[in-house]
Amino acid sequence: MTLRKLLFSLFALSCQFVSAQNDSINKLKEVVVSDANLKKYSNSQSVLKLNDSIINKNEALLTDLLNFNSTLYFKEYGRGMLSTVSFRGTTSSQTAVIWNGININSQMNGSTDFNTISGSDYNSVTVKAGGGSILYGSGAIGGTVHLNNDLGFYKRFDTNLKLDYGSFNTIGINYKTNIATEKWSAQIGFSKNSSTNDYKYLNKYTWQGEQRWNQNGEYDIITVSANLGYKLNGRNIFKLYSQTSNTDRNTSLVTESEMKSKYVNGFNRNLLEYDGNFGRFTTNLKTAYIFENYQYFADNSTNDYTYGKTESLITKVDFGYTLFKSTQVNGILDYNRTNGYGTGFGNHIREISSASLLVKQDFFANWKNEFGIRKEFTNNYESPILFSLGSSYQFSKLYNFKLNVSRNFRIPTFNDLYWEPGGNPNLKPESSYQAEIGNVFTFNNISLTQTFYYIKIKDLLQWVPGKNGIWTPQNQDKVNSYGAETLLSWKKQFGKNNFGANASYAHTVSEDVANGNQLFFVPFDKITASVSYSRSKITAYYQFLYNGFVYTRADNDPNEIINDYKVSNLGIDYDFKLLNSFKLGFQVLNIFNENYESLESRPMPGRNFNMYLTLKF
């Protein structure tokens, strides 16, 4: 123990010494990003990056992080239960989730459950608004959410441990270690989030006058990850990303008489990547294996269940060439083979090949342009030719203008095509045209982004009742979605006092062309805001979320809505300055005890508490 303390002390002193050096030393720290094309081909679109400092101020699950810090709208089947997203008025299957450059939306239902992911497992979480099908394929119509594990190639050894305990016996553990030299870089992570989740429903009672509470709402989510990078020399880098997760979750009861059910799902993701840089010529090779599965127990007191599994092998080759100093070209070929089998859709194999061409041209330092085209090939459906064209012009330090137009799509899922009974193997992919105009204003410590967009979607997939009462998916609806998004950030330091503020606002109209109705579960308005203050060892922060009302029926029946709601959180922590950092914090969630729900008959908890301990050494 004495030797360990001595090593920690020497390490802390060395960190202080390094931090006192000038900027030229800090610039030598090399970080290799996990998705280089995200930054390279996003100059003409709105991109919001959430780093560690923001991630640590929120509850562990990704839904809470994005709900309070972005324009995304979430529909939750209760706290910790299934959580689906709507981005720019689109459906949950039209937002693609990208893990280190690979699309990980479920091949079974086309979407991602954001309550099975912990934001703390990643270096950063990035939200890119607008079409992204050129780079990331199916589902990237409304936008993309990026989960990134970047590797640093510089001498380091640091460990982060965060422990949470809160109301309803909620326990969180998040552990991350980074070990690196100029040649090697390794990250090891572990997270566990669990809760008995037995909160009382505000102002809700049974017919006998008994207090209602969230029954059968327990959940337990465990994730293990390991990432490794090796720099052979200045031109060749090999990287390996691996992540395994299991979610064991009951499903909250709507009524006390319901049968208690359970849903168990998990995934295993492995990605091997090679980066080569040979002057004008670059190459990036990716090979990934992704396994996902679920088991549904209609009665969790028995061992009887239905199940589904998919195994995907993905190979992606990206060749880049710098034609001129101002012009870069990337040619991308990829192949995806998915084997899906389950009690609901049988056993099927899908093979998808695609070819893409991307061009980036910087006419001047303040004028950047990008163009992309993509075509997919498969025997399951006919894919349209996709394109993206964007431009960004920096008129001055104060104002940056952005313009982007694109065509995007989403392929039918295994459930859509093969579900028994009701699947429809003749479905066409959803496709859309999208245009957006962005205005970015930067003045001193203030950044303001204002984006206007329009999306025209055709062949929207919807499950409708058919013969003998059997539901089946059809390409039937056309939808026009348009609106405005605003992002605001501000930072200011007065002596030892540090202030910060962030806000977002989304106004969304998503209309069914046939009748002019707003799509159900799409709010017209959403607002988020946060303010923070720090001085020396203490930090305090406040978060605010407003979701406007949503219709729950396609006919926009005013009597069938989810009311608007406002939720506020308050937090404070103190750094005892032991090791690199030793923080003790306390949060009050839903501080005003708002009675709300994002899905009918699925109440969310009232005022509750969380305390946490964060160690860095």
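Up top is the structure.
A brief report on the enclosed structure follows. Values in this document were obtained by computation on a predicted structure and should not be read as measured data. (Residues numbered from 1 in each chain as written. Predicted model: local features only at pLDDT ≥ 70, side-chain atom pairs only at ≥ 80, totals over all residues. Heavy atoms only, no water.)

### Here's the deal with the environment of L313
1) Next: One can find L313 in strand β19 (residues 306-324).
2) Next: With relative accessibility at 41%, the residue L313 sits in the partly exposed group.
3) Next: Sequence separation of L313 and F291 is 22 residues, and the distance between their C-alpha atoms is 9.0 Å.
4) Next: Residues contacting L313, with those up to four places away along its chain left out, are T287, A288, Y335, N336 and R337. (Helix = DSSP H or I, 4+ residues; strand = E, 2+ residues; numbered from the N terminus. Buried < 20%, exposed > 50% of the residue type's maximum accessible area, 1.4 Å probe, protein only. Contact = heavy atoms within 4.5 Å.)

### Quick look at a nonpolar patch on the surface
1) Next: Taken together, the side chains of Y165, I538, I572, Y574, F576, L578, L579, L584, F586, F609 and M611 define a hydrophobic patch exposed on the protein surface, amounting to about 980 Å² of accessible area.
2) Next: Elements with a minimum of two residues in the nonpolar patch: β33 (565-575), β34 (581-589) and β35 (608-616).
3) Next: Note that F586 resides in strand β34. (Patch = residues over 30% accessible without salt bridge, like charges linked within 9 Å, V, L, I, M, F, W, Y side chains within 5 Å. Areas by Shrake-Rupley, 256 points an atom, 1.4 Å probe, with all protein chains shown as cover. Salt bridge = Lys/Arg side-chain N within 4 Å of Asp/Glu carboxyl O.)

### Some thoughts on unusual backbone geometry
1) Next: The linkage connecting E420 with the following residue, P421, adopts the cis geometry, with an omega of 0°.
2) Next: Of note, P421 is situated in the loop between α7 (414-418) and β25 (430-443).
3) Next: In this model, N444 sits at a positive phi of 50°, which is unusual for a non-glycine residue.
4) Next: Tracing the backbone shows N444 in the loop between β25 and β26 (446-465).
5) Next: For N444, a relative accessible area of 64% translates into the label exposed.

### What to know about the pattern of salt bridges
1) Next: Applying the stated criterion across every chain, the model contains 21 salt bridges.
2) Next: For R88, the salt bridge identified is with E485, shortest N-O distance 3.1 Å. Note that R88 is positioned in the loop between β4 (83-86) and β5 (95-99) and E485 in strand β27 (residues 471-494), a separation of 397 residues in sequence.
3) Next: R88 gets classed as buried once you look at its relative accessible area, which sits at 3%.
4) Next: Of the charged contacts in the structure, one is a salt bridge between E376 and R374, with a shortest N-O distance of 2.8 Å.
5) Next: Linked by salt bridges that have partners in common, K239, E273, D275 and K286 make up one network.

### Examining the nonpolar core
1) Next: Within the largest apolar cluster, 30 residues are counted, with the highest numbers of intra-cluster contacts made by L62, L66, L72, F114, V125, V145 and L147.
2) Next: Taken together, the elements giving at least two residues each to this core come down to α5 (62-69), β5, β7 (124-129), β8 (143-148), β9 (151-153), β16 (236-251) and β18 (281-297).
3) Next: Within the second largest apolar cluster, 15 residues are counted, among which are I134, Y381, L386 and F409. (Core = buried A, V, L, I, M, F, W, Y, C linked by side-chain atoms within 4.5 Å.)

### As for the side chain of N497
1) Next: In this structure, N497 sits in strand β28 (residues 497-512).
2) Next: For N497, a relative accessible area of 19% puts it in the buried group.
3) Next: Side chain to side chain, N497 and R535 meet in a polar contact 3.3 Å long.
4) Next: In contact with N497, not counting residues within four places along its chain, are K492, Y533, S534 and R535. (Polar contact = N/O pair within 3.5 Å; in protein donor to acceptor, adjacent residues only side chain to side chain.)

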